[in-house]
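Residue-level structural notes
Listed below are the residues making up each chain.
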Amino acid sequence: MRTEKRKKKKVLWITLSIIGLLVLGTGGYAFYLYKSAADTVASIHEDLNRDKSDKRTEEVKFSEKDPISILLMGVDERDGDAGRSDSLILMTVNPNTNSTQMVSIPRDTRTEIVGKGKEDKINHAYAFGGTEMAINTVEHFLDIPIDYFVKINMESFKDTVDAVGGVEVNNTLDFSYGGYDFPKGIVSLDGEKALAFTRMRYEDPRGDFGRQERQRQIIEAVLKKGANISSITKFGDMFGVVRNNITTNLTFDEMWAVQANYKTAIKKLEQFQVKGSGDTINGIYYYIVPEDERLTLSNQLKEHLEISTNTASTN
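All values derive from a computational prediction rather than experimental measurement. (Residues numbered from 1 in each chain as written. Predicted model: local features only at pLDDT ≥ 70, side-chain atom pairs only at ≥ 80, totals over all residues. Heavy atoms only, no water.)

Let us look at the pattern of salt bridges. Throughout the structure, instances matching the rule amount to 11 salt bridges. A salt bridge links Asp 143 to Lys 55; the nearest nitrogen and oxygen atoms lie 2.9 Å apart. Of this pair, Asp 143 sits in the loop between α4 (124-142) and β6 (148-153) while Lys 55 is found in the loop between α3 (38-44) and β1 (68-76), placing the two residues 88 residues apart along the sequence. With a relative accessible area of 10%, Asp 143 lands in the buried category. Here Lys 55 falls in the partly exposed class, since its relative accessible area comes to 35%. (Salt bridge = Lys/Arg side-chain N within 4 Å of Asp/Glu carboxyl O. Helix = DSSP H or I, 4+ residues; strand = E, 2+ residues; numbered from the N terminus. Buried < 20%, exposed > 50% of the residue type's maximum accessible area, 1.4 Å probe, protein only.)

Structure representation (structure tokens):
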């Protein structure tokens, strides 16, 4: 059971990365096609009960290229269950430095759940209070504003790869997994094969580091394929994936503004992990993040967002 959960978590991380970056990277024609589907726009919008984050003094101005943050949430929701966020990735996007930072937040991270008045695993915030509580909890943990969110159904990873017509990657390790063989060299992957390609870890001498490299290969390959003019007819399929699997508080006008002013920010992509270690408290496993590590990461993100690093909350 734990192995299956770990697999789902990794798949979700890739899904979040791909969809989140496609929001920034797809071309204007793609957004035209997307915008033409008014019912799609209405179906994916989820409003937050606020004009801006409490951690901002002013609203974000796209025309002035204010750096923004986007919380990507991979959610496993089932009938009769409130669901939970199986994966959390924070993206900070700075068009002034043409850079994007992505931070993966371990689901077992122990922190205060804002609105519940207790410490628990950070992914429980969504189960307790939905999107709003999850955002408030991540804001408190990292002490930065969350401007936008993209909530994604975990099943969309495979569909995303298929929607761009599959991808090619340069495989550096000869291995088999999930019923597929992956020889060294250029390999072609559809959604199912890409899923298997990114799941393998134990046969890789680099362990999780090797798997993370393969995940980045898939992300970059999807972005490259999606940006290629030869793939333009695939955008209709991509929008179908979006309609069935994504919810966001971004409006269409905001998407257009992001596309116009921020898409160069994906030229330089940096990926980070929240540093910590596992521990068991009262028989429950948690991922414990030392305070100095939390503050270091918080200040790094603030600097990328071009906001003050002089104040940081304690957790």
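Moving on, there is more to tell.
The end-to-end C-alpha distance of α4, which contains 19 residues, comes to just 17 Å, noticeably less than the 27 Å that a straight helix rising 1.5 Å per residue would cover. Along its length, α4 reaches its greatest deviation from straightness, about 135 degrees, at Gly 130. Count one or two residues on from α4 and you reach Asp 143, which has phi positive near 55 degrees. (Expected span 1.5 Å × (residues − 1). Bend = angle between axes of the 7 residues up to and from the residue.)

Let's shift gears to the packing of α4 against helix α10 (residues 291-305). Between α4 and α10, the shortest axis-to-axis distance is 8 Å and the interhelical angle comes to 105 degrees. Viewed along their axes, α4 and α10 adopt a mutual orientation that is roughly perpendicular. Contact with α4, carried on its side by His 140, Phe 141 and Leu 142, involves Arg 294, Leu 297, Ser 298 and Leu 301 of α10 and no other residues of that element. Grouping the amino acids of the contact of α4 with α10 by side-chain chemistry returns 4 nonpolar, 2 polar and 1 charged. (Axes fitted to C-alpha atoms, helices over the stretch in contact; angles between N-to-C directions. Parallel < 35°, antiparallel > 145°, perpendicular 65-115°, else oblique. Contact = heavy atoms within 4.5 Å. Nonpolar A, V, L, I, M, F, W, Y, C, P; charged D, E, K, R; others polar.)

Moving on to the side chain of Ser 53. In this structure, Ser 53 sits in the loop between α3 and β1. A distance of 2.6 Å separates a polar atom in the side chain of Ser 53 from a polar atom in the side chain of Glu 139. Excluding anything up to four places from it in sequence, Ser 53 contacts Glu 139, Pro 145 and Ile 146. (Polar contact = N/O pair within 3.5 Å; in protein donor to acceptor, adjacent residues only side chain to side chain.)

As a further point, take the confidence of the model for the protein. Taken as a whole, the protein shows an average pLDDT of 80; of its residues, 74% reach a score of 70 or greater. In this model, residues 7-12 is a region of pLDDT below 50 whose contacts with residues beyond four sequence positions or in other chains number 23 contacts. (pLDDT = per-residue confidence, 0-100.)

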